[in-house]
Structure formats: C-alpha cells, structure tokens
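# Structural overview for review
Listed below, chain by chain, are the residues.
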Amino acid sequence: AARSGLFTKEEALDSFALTLATYDMRAGRNWKPLIDTTNDPVSINRAPQAWRSWSREEDYYQEGQLIWLDADTLIREKSGGKKSLDDFAKLFFGQHDGDWAPVTYTFDDVVKALNTVQPYDWAGFLHARVDQVTPHAPLDGFTRGGYRLTYVEEEGPYFKALEAERKATNLLFSIGLTIGEGGAITEVLWDSPAFNQGLTNGTKIVAVNGEAYESDALKRAITDAKSAGKPIEFLVTAGGHYRTVQLDYRGGLRYPKLDRITGVDDRLGAIIAAK
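This paragraph deals with the sheet that holds strand 2 (residues 169-171). Spatial ordering of the open sheet is given by 2-3-4, a layout of three strands whose pairing is antiparallel. Only two strands of the sheet have a single neighbouring strand rather than two, namely strand 2 and strand 4 (185-188). The sheet shows a mean angle of 10 degrees between the axes of neighbouring strands, taken without regard to direction. Bridge analysis of strand 3 (residues 177-179) against strand 4 gives three bridges, and the strand direction is antiparallel. For Leu177, the partnering residue across the bridge sits in strand 4 and is Val188. In this fold helix 11 (residues 215-228) packs onto strand 2 and strand 3, with an angle of close to 15 degrees to the strand it touches most, strand 2.

Every buried residue belonging to helix 7 (residues 122-130) is among Trp122, Phe125, Leu126 and Arg129, and all of these are buried. Projection of helix 7 onto a plane perpendicular to its axis shows the buried side chains occupying an angular sector of 90 degrees, all on one side. Turning to helix 7, the residues buried within the fold contact helix 4 (60-78), helix 6 (107-117) and helix 8 (140-144).

This paragraph deals with the side chain of Ser192. Checked against the element boundaries, Ser192 lands in the loop between strand 4 and helix 10 (193-196). Side-chain polar atoms of Ser192 contact the backbone oxygen of Leu189, separated by 2.7 Å. With residues up to four places along the chain from it excluded, the contact list for Ser192 reads Ile175 and Gly176.

Further remarks concern the packing of helix 1 (residues 9-24) against helix 9 (residues 157-166). Relative orientation of the contacting elements helix 1 and helix 9 amounts to 65 degrees, with a least axis distance of 9 Å. On the basis of their axis angle, the class for helix 1 and helix 9 is roughly perpendicular. On helix 9, the residues touching Glu11, Asp14, Ser15 and Leu18 of helix 1 are Tyr158, Phe159 and Leu162. A per-class count over the contact of helix 1 with helix 9 returns four nonpolar, one polar and two charged.

Here is what the cut-offs are and how they apply
Residues numbered from 1 in each chain as written. Predicted model: local features only at pLDDT ≥ 70, side-chain atom pairs only at ≥ 80, totals over all residues. Heavy atoms only, no water. Pairing = 2+ DSSP bridges. Helix = DSSP H or I, 4+ residues; strand = E, 2+ residues; numbered from the N terminus. Axes fitted to C-alpha atoms, helices over the stretch in contact; angles between N-to-C directions. Contact = heavy atoms within 4.5 Å. Buried < 20%, exposed > 50% of the residue type's maximum accessible area, 1.4 Å probe, protein only. Arc of directions from axis to C-beta. Polar contact = N/O pair within 3.5 Å; in protein donor to acceptor, adjacent residues only side chain to side chain. Parallel < 35°, antiparallel > 145°, perpendicular 65-115°, else oblique. Nonpolar A, V, L, I, M, F, W, Y, C, P; charged D, E, K, R; others polar.

Everything listed is a geometric property; what it means functionally is a separate question.
This is the structure:
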C-alpha cells in the first residue's frame with residue numbers, strides 16, 4: 001500500500017508496529033513454531049478461536065511479512081545498498097517471463113536464489129525463523145531498518161481509523177482485551193491482566209468503576225489507575241450471571257509505535273517509499 005502511494009509513510013510505520021507488537025506478544029510462540037501454523041486452515045478449519053494468542057492461527061501470513069522484511073534489510077546492509085529483496089523477487093519469480101505455466105520450487109531453490117543475490121547462511125536464517133520455537137517475533141528487520149518498537153499512551157490516526165472500521169476497542173497491549181460493540185469482549189490475550197481475572201470471549205462489560213460501559217470511559221479508567229492506587233472495577237455478565245472483577249493494572253494505555261534509531265540508515269523508509 002505504501003509503495004503504491006495508498007499509505008503515507010507514517011501509516012505504513014504504524015501498520016508495521018501493530019503487526020510486530022501483535023505477533024511479538026503471541027504466547028503460543030513459546031511452544032508452536034511458525035511452520036506449524038501452515039496446518040491451521042486444515043486443523044482449525046478457519047473456525048473462530050477463543051485463545052488464538054496461545055494456539056496461534058495462520059500466523060505465517062503476517063509473520064512471513066516480518067521475515068522477508070528482515071531478509072530485505074539484511075541484503076541491503078550486506079550489499080552496501082546495492083541489492084535488495086526486489087532483486088531476489090525478480091530472479092525468483094521472473095524465471096520464464098511471459099509463461100503462465102506453474103513453476104514448482106523447493107526450499108533449496110529459495111536459498112539458492114537468495115545466495116545468488118547476496119551470499120549468506122540463508123538456510124540457517126530461514127530455519128531459525130520458520131522451523132524453530134522463538135519467543136519473539138522477528139525484530140531485526142526493524143532495528144536494521146532504522147526503527148525500534150516502543151509503546152505510547154495515545155493512539156495515532158492509523159490505530160483510531162482501524163478501531164473505527166472494525167467497531168472495536170483494542171486494549172490488548174495494556175489490560176489484554178479487545179472489546180466490540182455493546183461492551184462484548186471479542187479477544188483476550190493469554191496471561192494478560194484480563195486473562196488472569198478470568199475474563200473470556202463472550203463476556204459483556206456492563207460497567208467500569210460504577211459507570212455504564214463506554215470505550216472512552218474505560219480508557220480514562222486505565223489512565224487514572226496509574227495514580228489512583230486502587231484496581232479498576234468491572235461489572236460483567238456472561239450466561240445470565242453477573243459478577244464484579246477487580247483488575248489491578250497500573251501500566252496505563254499502551255499503543256505500539258516505531259521510533260527512529262539515531263545513526264542507523266532508514267532502510268525501512270527506502271523499502272516502503274512510493275514507487
């Protein structure tokens with residue numbers, strides 16, 4: 001989208017930050033390698049999941065994006081800016097220009113094409129990120145690209161637009177919840193403050209600190225809890241039963257953002273520049 005001019009640079013950076021933060025906080029990374037998520041369309045049959053941060057889902061799509069970004073910045077760094085992933089794409093996908101017949105390939109073919117563009121241990125690079133259990137999402141593409149993942153208390157325009165489009169309030173990076181229309185919880189992050197108080201998908205938030213639930217009121221309560229010295233109180237209902245939940249969280253609102261690293265080439269900016 002950025003390369004075609006549909007996204008500004010800032011929108012693209014915010015999109016990357018959200019993707020990176022989402023997959024970096026996947027608790028399922030501690031037991032399930034990325035390669036196993038390619039089985040999810042069959043094993044899960046694309047049904048809704050209650051604990052997708054633990055079970056993972058088709059993570060190979062967007063985490064694959066992060067891996068190839070990692071490869072792109074590495075190629076640019078090691079070639080002194082003379083080569084990029086564009087050269088790999090031209091070599092690998094442009095084998096028979098004008099021929100529409102399918103061309104099969106193997107893992108070794110991918111490694112060979114990468115080595116033709118820039119010699120490196122690409123087999124080890126890919127195996128480490130695809131086949132092995134990794135507690136964190138691929139971060140090197142961003143740090144090598146000139147940016148680091150941080151968290152801020154105010155959501156930017158991209159994040160606000162995404163919430164408006166999805167009609168949801170994303171608080172995964174603070175209390176560990178996504179809340180849909182009418183206060184219905186649509187996602188709970190594994191081992192988050194909300195998870196540890198027994199909140200689950202389908203539970204509805206009726207009130208926060210004694211006031212009827214509203215998205216902005218909940219955000220204010222999270223901010224106020226930093227200095228209030230007392231937990232956030234939720235009145236929730238599920239299955240016709242009501243209960244009160246005390247959420248002792250003092251970390252404030254957290255939204256992912258990419259910050260520029262001083263002294264490192266803006267390789268990420270070069271990659272997403274409009275063509």
